[in-house]
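# Results of the structural survey
Here are the chains, one letter per residue:
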Amino acid sequence: MKQINTKLMNRWKPLMGALSIRKIASLFTLILLLGINASFAQQRTISGTVTDGTTGETLPGASVKVKGTSRGATTDLDGNFKVEATANDVLVVSFIGYATQEIEIGNKTSFDIQMGLDVSQLSEVVVVGYGTQEEKDVTGVVSTVNEKEFNQGQIASPERLITGKIAGVNVNPGNTRSGGASITIRGRGSLQAQREPLVVVDGVPIDTDGSSGTRNANNFINPSDIESVTVLKDASATAIYGSRAAAGVIMYTTKSGKAGKTQVAYDGSVVYSQIFREPEFLNPANFRAVVANKAPQRSDDLGEASTDWFNAVTQPTFSQNHNVSFSGGNETINFRGSINRMNNREVIVGDENTVTRLSLLLSAKFWNDNLKVTFNTKNALNQDTYKPNVAGLAASFDPSQPIYVEGNDEFGGYYEWEDQGLAPTNPVSQLEQQVNKGENRRSFNSLNFDLKIPYVDGLSLNSSTTFDTKDGSNNYFEPFTLRNTNRDGFISNSVNKAYTFTHFSYANYKKTFGSSDIDFMLGYEFNEQYRETYGYFGENLRDDITAYFQPSQIPQDEIQINALSPVRNRLQSYFGRINYSLQDKYIATFTYRADGSTKFGPGNRYAFFPSAALGWRIIEEDFFQDLTDAFTNLKLRVGYGVTGNQFIPDYLYEKNYFVGTQTASYQFGDNYYQVIRPTAVDPNIQWERLVSTNIGIDFGILNGRMSGTIDVYTKDTDQLLFNAPVAAGTNVGDRVVTNIGSMNNSGIEVAVNNVVYDNTDFTWNLNYNFTYNRNRITALNNEQDENSFGIEIGGIAGDVGQNIQIIRVGEAYGSFLAFNQLYDDNGLPVKGPQPVTYEDVNGDGSVNENDLVVQGVADSPILVGITSNMTYKNFDLSFTLRGKFGGTVYNNTASANGYYNRLTEGNILNNVHESALTSDFNIRHLKSNYYLENSDFVKLDNLTIGYNFNQLNNMNLRAYTTVQNMIPITGYSGLDPEAGIDNNIFPPSTAFIFGISAKF
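Residues numbered from 1 in each chain as written. Predicted model: local features only at pLDDT ≥ 70, side-chain atom pairs only at ≥ 80, totals over all residues. Heavy atoms only, no water.

Named according to an unreviewed UniProt entry, the protein is SusC/RagA family TonB-linked outer membrane protein originating from Marivirga atlantica. Its UniProt record, at the heading Sequence similarities (unreviewed entry), says of the protein: "Belongs to the TonB-dependent receptor family." (UniProt positions renumbered as here; feature names shortened; annotations may be inferred.)

Moving on to the environment of Thr760. If you trace the backbone, Thr760 turns up in the loop between strand 39 (741-758) and strand 40 (762-780). Measuring from C-alpha to C-alpha, the distance between Thr760 and Gly644 comes to 50 Å, with 116 residues separating the pair along the chain. (Helix = DSSP H or I, 4+ residues; strand = E, 2+ residues; numbered from the N terminus.)

Time to look at the pattern of salt bridges. Under the counting rule described, the total for this entry stands at 47 salt bridges. For Arg593, the salt bridge is made with Glu525, and the minimal N-O distance between the two is 3.2 Å. Here Glu525 lies in strand 25 (residues 516-539) and Arg593 lies in strand 28 (residues 586-597), a separation of 68 residues in the sequence. Here Arg593 and Glu525 have matching classes, each one buried. Of the charged contacts, one joins Lys635 and Asp698 as a salt bridge, the two residues approaching to 3.7 Å between their closest N and O atoms. Within this pair, whereas Lys635 is found in strand 30 (residues 631-645), its partner Asp698 is found in strand 35 (residues 688-701), the two being separated by 63 residues in sequence. A single salt-bridge network, built from bridges that share partners, covers Glu134, Lys136, Asp137, Asp584, Arg617 and Glu620. (Salt bridge = Lys/Arg side-chain N within 4 Å of Asp/Glu carboxyl O. Buried < 20%, exposed > 50% of the residue type's maximum accessible area, 1.4 Å probe, protein only.)

Attention now moves to the sheet that holds strand 10 (residues 142-146). An order of 10-15-16-13-14 is seen for the five strands of this open sheet, with the pairing classed as mixed. Of all the strands in the sheet, just strand 10 and strand 14 (204-205) have a single pairing partner and so form its edges. By the bridge criterion, five bridges tie strand 10 to strand 15 (residues 226-232) in an arrangement that is antiparallel. By the bridge assignment, Val145 is partnered in strand 15 with Val229. (Pairing = 2+ DSSP bridges.)

Taken together, the three strands give an open sheet; going across it, the order is 4-1-7, and neighbouring strands pair in mixed fashion. Strands with a single pairing partner mark the edges of an open sheet, and in this sheet they are strand 4 (80-85) and strand 7 (110-115). The average angle at which neighbouring strand axes cross in this sheet is 30°, direction not considered. Sheet topology note: the strand 1 (residues 44-52)/strand 7 ladder contains six bridges and is parallel. What sits directly across from Thr51, in strand 7, is Gln114. (Axes fitted to C-alpha atoms, helices over the stretch in contact; angles between N-to-C directions.)

Peptide bonds are, in most cases, trans, and in most cases residues other than glycine have a negative phi. Within the chain, Trp367 stands out as a residue other than glycine whose phi angle is a positive 50°. Checked against the element boundaries, Trp367 lands in the loop between strand 20 (352-366) and strand 21 (371-385). The class of Trp367 is exposed, set by a relative accessible area of 60%. Of note in the backbone geometry, Asp584 takes a positive phi value of approximately 60° without being a glycine.

For the rest of this paragraph, the subject is a nonpolar patch on the surface. On the surface, Phe520, Leu522, Ile578, Tyr580, Phe590, Leu614, Val638 and Ile695 cluster together into a nonpolar patch covering about 690 Å² of accessible area. Elements represented by at least two residues in the nonpolar patch include exactly strand 25 and strand 27 (567-582). Here Phe590 lies in strand 28. The partly exposed category is assigned to Phe590, whose relative accessible area is 42%. (Patch = residues over 30% accessible without salt bridge, like charges linked within 9 Å, V, L, I, M, F, W, Y side chains within 5 Å. Areas by Shrake-Rupley, 256 points an atom, 1.4 Å probe, with all protein chains shown as cover.)

This paragraph deals with helix 3 (residues 284-294). A turn of α-helix holds 3.6 residues, and therefore any two residues three or four places apart point the same way. Among all positions in helix 3, only Phe287, Val290 and Val291 are buried. All buried residues of helix 3 fall inside an arc of 100° around its axis, so they share one side. The outward face of helix 3, more than 90 degrees from its buried face, is lined by the exposed residues Ala285 and Asn293. Those residues of helix 3 hidden inside the fold are in contact with helix 9 (915-919). (Arc of directions from axis to C-beta. Contact = heavy atoms within 4.5 Å.)

What follows deals with the layout of surface pockets. Where empty space is left can be seen by rolling a probe of water-molecule size over the atoms. The space that makes up the second largest pocket amounts to roughly 1000 Å³. If you list the elements that add at least two residues to the lining of the second largest pocket, you get strand 11 (169-172), strand 12 (182-185), strand 40, strand 41 (791-795) and strand 44 (853-857). Among the elements that take part in the lining of the second largest pocket, strand 40 stands out by supplying six residues, more than any other. When its residues are assigned to classes, the lining of the second largest pocket shows 15 nonpolar, 22 polar and eleven charged. (1 Å grid on protein atoms, 1.4 Å probe; cavity = no way out; pocket = protein on both sides within 12 Å on 5 of 7 lines; lining within 4 Å. Points joined across faces, edges and corners; volume = space filled by probe spheres on them. Nonpolar A, V, L, I, M, F, W, Y, C, P; charged D, E, K, R; others polar.)

The alternating pattern of strand 47 (residues 888-891) places Thr888 and Tyr890 on one face and Val889 and Asn891 on the opposite face, and all of these are buried. Two elements, strand 47 and strand 48 (residues 932-934), share three bridges in a ladder whose sense is antiparallel. Of the residues in strand 48, the one forming a bridge with Val889 is Glu933. Bridging between strand 47 and strand 52 (residues 981-982) involves two bridges; their strand directions are parallel. Counted as the bridge partner of Tyr890 is Ile981 from strand 52.

Time to look at empty space enclosed by the protein. Applying the stated rule across the entire model yields twelve cavities of 30 Å³ or more. Considering only enclosed or pocket space, the largest cavity measures out at about 270 Å³ in volume. Listing elements by their share of the lining of the largest cavity, those giving two or more residues are strand 49 (937-949) and strand 53 (990-999).

A separate point is the nonpolar core. With 41 residues, the main nonpolar core has Tyr130, Ile162, Tyr241, Val249 and Tyr252 as its most contacted residues. Looking at this core, the elements that each hand over two or more residues are strand 11, strand 12, strand 13 (198-201), strand 15, strand 16 (249-254) and strand 24 (490-513). Counting residues in each nonpolar core, the second largest holds 30 residues, with Val313, Ile348, Ala394 and Leu431 among its members. (Core = buried A, V, L, I, M, F, W, Y, C linked by side-chain atoms within 4.5 Å.)

What follows is about the pairing of strand 46 (residues 875-885). The pairing of strand 45 (residues 862-872) with strand 46 spans eleven bridges and is classified as antiparallel. Paired with Thr867 across the strands is Thr880, a residue of strand 46. Counted between consecutive antiparallel strands, the loop separating strand 45 from strand 46 contains two residues, among which Lys873 sits at a positive phi close to 50°. Here strand 46 pairs with strand 49 via ten bridges, running antiparallel. What sits directly across from Leu881, in strand 49, is Leu940.

This is how it looks when you write it as structure tokens:
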């Protein structure tokens, strides 16, 4: 047996040897491979930067995950990331709006990841009434301005963010830094009811009525909190808001927190404001010369001073703004809050506003993300020191008199005209002795629930409740020493308390059926507004030293209590909307709203507001596919809708009774009794109603580098509300608020967005808009008599009861009505008694009101806006250019002060406007078209230059400088071509802003 085994072993020995060598080799190879694999499997730090592949901008907040693991990171403010991974791992990089990328790591440790846009997400979501829509499905006229496109600098009120940005939207920012801007969308649509748009904040309509102690009802909104501003312009878009939307809708969407690292941001700025344009009145030397030449008999009344009164009441100012925000969260809860303190000093000496604003937005998801709860609070404290606008008074005050007179204790040491009852008060004395302070607290609090119904795909419920409170007060004080021929000292106090309660709920159902998409919404809204005002006032104080806001210093027989009965009004509404899309080509939107308002009588309390709009996405048609290389978008829109206007005082349909004045007492025997008198009312007063039609085209060409809209519209307002004169004997008063007629606005709007150039180092976006609007009064049914030439409006200074504008059928609202001035062979106006200086238009041999001619309109029909945004490496440059054309302005400053008899009016000396040197008028010519001037202008509203310090670690820092309200390029001789009637306007100033923005 042993021999056999030995033989067998010897036989297999060579084979076994070979196997052993193979095993060893295999084992060695296996070990080598395992070693190599082990080296590949070893984790190491992978870093990189995520940027936009088109613009080169970094993308903070992008998600970088290791596929199949829980490891990952979020890019910081500079787009940088670090993760632990192995060579075999795959990075998954994603960011909202961009195509997700998967990148194999291999041997690389550093990556420069460029993200491309996700074509499937290119359709932008647009905010509309009670919801959102994809931009491609919008059929109404909706324009949105995002944060990157806002006007820069120290913005006190949110409406100024979009000045000059949107076609058809006329934002007149005014000349004060802390006051609000006036806004008109597609022309003036009402005579006396609210002419400005409804304001919606985060989906909630708000009350924009003024309140004691604040200059602007909207400045409780911190402009730095706003993410976008959306404007609904035509009735097919606004009808969902019914009776409050005749003037359009402006929707502010504020910023919210996002999942990721908590971010803290700071923005601070200092503002220097300077007046560069002053009223053109005589300087002291010229004033003395003119008095010597035109009123030598009053030369002895000239003083020995040379006072620049305008500069005495105005000043260059420094203001400041500080804003801190913080935001963050995770996939379930997010938050964002801000703290803002803004101080604005006006160019009138002592005039100042300080506002402190706190906001917080919390959002949380529950029940597998089916329920989203959002709490939103915005709070503001306004503290104001008001000063009267004495700029006009100062310009016309005698420059030969001093500001102060030593020993003049009766008037606190100030110079005053003595024994002249109608003489003006020293303007510096008014500024320094009057005390007028206001304070207003506003708190806006909203709670929203958004529930996706489980097991019913596409069905959701949304419910929102908001409580908005305003608490304001004003205190005013005059000492004995302030010149006033009617009283010795004065105190007044006014307190205003108000709240607005709003609740709305709606159900929304979205579903796709084959090639059809349907979105159905049905809702209910209730709104209640309450306000009360009370206070006191009194004169002839006992002691003005200790009387500062002390009612005890008012004699008992002089104090009067001001207590208005609480006023409450309610609005109850039902609304619905259907959006339908077929094959992603044919779109239809239908809305309906029923409003019931307590502002109207029982028979006219409810009104109904329907709308319909159709859209055709021509770009999706088969026959158009050969042109898709040229066009990236082409859509035709047609819309029709009805809206209303219920913004009038309460209870105008019902008589209120008050105690008549003593001068209107009734005699019974030997005694006189004050009577109880009713107010004049129209019990059948109704809603204003606006009917609007719009045809528009949306287009995109040059691979999306140029896009825009063209819209043609007409809107008719009937049942216009106005405080109109009535025939004698038909009512208890001579005027009554009633429905008097109708008005038409029609026009065209063009908006173009253009990417002029874009690469890694240099980008340039240029947007421009053009608007033409034609306004006409089409009916006036309640004139005082059938032969009346219209209703005069537009009160002017210079004489009692004078007007310069007219409401007349066939003319634009506020058209100027003036005589044609006659001129001599030298082109100078004819002087002399007024009838012979004006043209006899109708040739009847006399000049009277029948020769007054409608000429020019205050509201310019043509608006132009240009916005430019450039970046070059770390630098950025942006500006907003705005122009108005085709309008007229009445220079009332010149007409009320530009004649030589003005020198001695009131038995005192007055300064004269320099226009008298040219016109050589001796008497006033208030209604001469000599003072009507072309109001065309181009103005650089906003110019900003900034620099980004990108090399800093863990922080983004930007320094910038902004110039606001630069001097307009205009042929108008006065201060402000936008004034309409230029009379004692607040002096316009240019602001220079220096600021920094930092994000951590």
